[in-house]
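Summary of structural features
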Amino acid sequence: ANSPVEGVDLLFHPSASAGGQYVIARRTITSADLMNGSQATITGSFRNLLSPFNSVSVFVLQNGAQLFTANGNDPTGSDGDTRRLSEADGSFNIQTSVALDDTIDFIVFSNGDRSADETAVRATITVVPEPTSLAAGAVGGLLLLRRRR
């Protein structure tokens, strides 16, 4: 079973109106984000809150390029429910390079049936220094220590 809604979740529900099949949450990378580096880890999960009527597809995109997708209609779903997107099937852990003004989109698509598409999304984007930057900093620090002696 999927865990209940918590304070850190965003709740998505595609609209029944025309053009409402998608719900998108977008994060744009800022210069403040890049102060720590340019390698990002994007972790989290999508999970359906109602069953058995869900048929959502979910996506994580970077600048329009797909990084992750899962489908609530997958008959091999880990919880045995052929239409509900389980937390296990909707979990992601993505490593990617980011630059200023890159967009990271979290999308829920209704697949045409919006009757019970309440989907919780939880995501964290962490930007860290690149390994080569860390190594260069460490070598530079060692050289400074050596020079002082």
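Notes on the side chain of T96
Structurally, the position occupied by T96 is in strand β6 (residues 91-97). With sequence-adjacent residues up to four places away left out, T96 is seen in contact with S38, Q39, A40, I42 and Q62.

Topic: the pairing of strand β3 (residues 39-48)
Alignment of β3 against β6, held across seven bridges, turns out to be antiparallel. Looking at the pairing, Q39 lines up with S97 of β6. Relative to strand β8 (residues 119-128), β3 runs antiparallel, the two sharing ten bridges. By the bridge assignment, N48 is partnered in β8 with T119.

Side note on the pattern of salt bridges
Pairing between side chains of opposite charge can happen when their charged atoms approach one another. Tallied over the entire structure, the rule returns five salt bridges. D9 is the salt-bridge partner of R47, the closest N and O atoms lying 2.6 Å from each other. Within this pair, whereas R47 is found in strand β3, its partner D9 is found in the segment before β1 (10-12), the two being separated by 38 residues in sequence. What makes D9 buried here is its relative accessible area of 11%. A salt bridge links D9 to R122, with the nearest nitrogen and oxygen atoms 3.0 Å apart. Placement of the pair is D9 in the segment before β1 and R122 in strand β8, with a sequence separation of 113 residues. The exposure class of R122 is partly exposed, given its relative accessible area of 23%. A single salt-bridge network, built from bridges that share partners, covers D9, R47, E87 and R122.

Let's talk about the packing of aromatic side chains
Scanning all chains against the criterion turns up five aromatic pairs. Ring centres of F46 and F68 lie 6.5 Å apart, and the angle between their planes is 0 degrees; on these two criteria the pair is classed as stacked. Here F46, found in strand β3, pairs with F68, found in strand β5 (residues 65-71); they are 22 residues apart in sequence, far enough to count as distant. Exposure class is identical for F46 and F68. Each is buried. Put simply, the rings of F46, F68, F92 and F106 pair up and form one aromatic cluster.

Brief notes about the pairing of strand β4 (residues 57-62)
Judged by how many residues are buried, β4 sits mostly within the fold: six of six residues are covered. The alternating pattern of β4 places S57, F59 and L61 and V58, V60 and Q62 on opposite faces, both of which are buried. One ladder, built from six bridges, connects β4 with β5; its direction is antiparallel. Residue F59 lies in a different strand from β5, and its bridge partner there is T69. If you look at the hairpin formed by β4 and β5, you'll find two residues sitting between the two strands, and N63 has a positive phi there, around 50 degrees. Here β4 runs beside strand β7 (residues 103-109); their pairing, made up of six bridges, is antiparallel.

Section: unusual backbone geometry
The backbone of N63 sits at a positive phi, close to 50 degrees, despite the residue not being glycine. Examined against the element boundaries, N63 turns out to sit in the loop between β4 and β5. The class of N63 is partly exposed, set by a relative accessible area of 44%. Although it is not a glycine, D101 adopts a positive phi angle of roughly 70 degrees. In this structure, D101 sits in the loop between β6 and β7.

Conventions used here
- As a convention, each chain's residues are numbered from 1 in the sequence order in which they are written.
- Only residues with pLDDT of 70 or above have their local features reported here, since the model is predicted, and side-chain atom pairs are shown and tallied only from 80 upward, although totals for entire chains, interfaces and linings are computed over all residues.
- In computing side-chain values, all of the structure's heavy atoms are included and hydrogens and water are not.
- Working definition: helices are DSSP H or I runs of at least four residues, strands are E runs of at least two. Numbering for both runs from the N terminus.
- Throughout, a residue-residue contact means that at least one pair of heavy atoms, one from each residue, lies within 4.5 Å.
- Only strands that DSSP links by at least two bridges are regarded as paired with each other.
- Note on definitions: salt bridges are taken to be side-chain nitrogens of Lys or Arg within 4 Å of carboxyl oxygens of Asp or Glu.
- Only protein chains enter the accessibility calculation, which uses a 1.4 Å probe. A residue is then buried if its area is under 20% of the maximum for its type, exposed if over 50%, and partly exposed in between.
- Within 6.5 Å between ring centres, the rings of Phe, Tyr and Trp (the latter by its six-membered ring) count as paired, and their orientation is classed by plane angle as stacked under 30 degrees, edge-to-face over 60, tilted in between.

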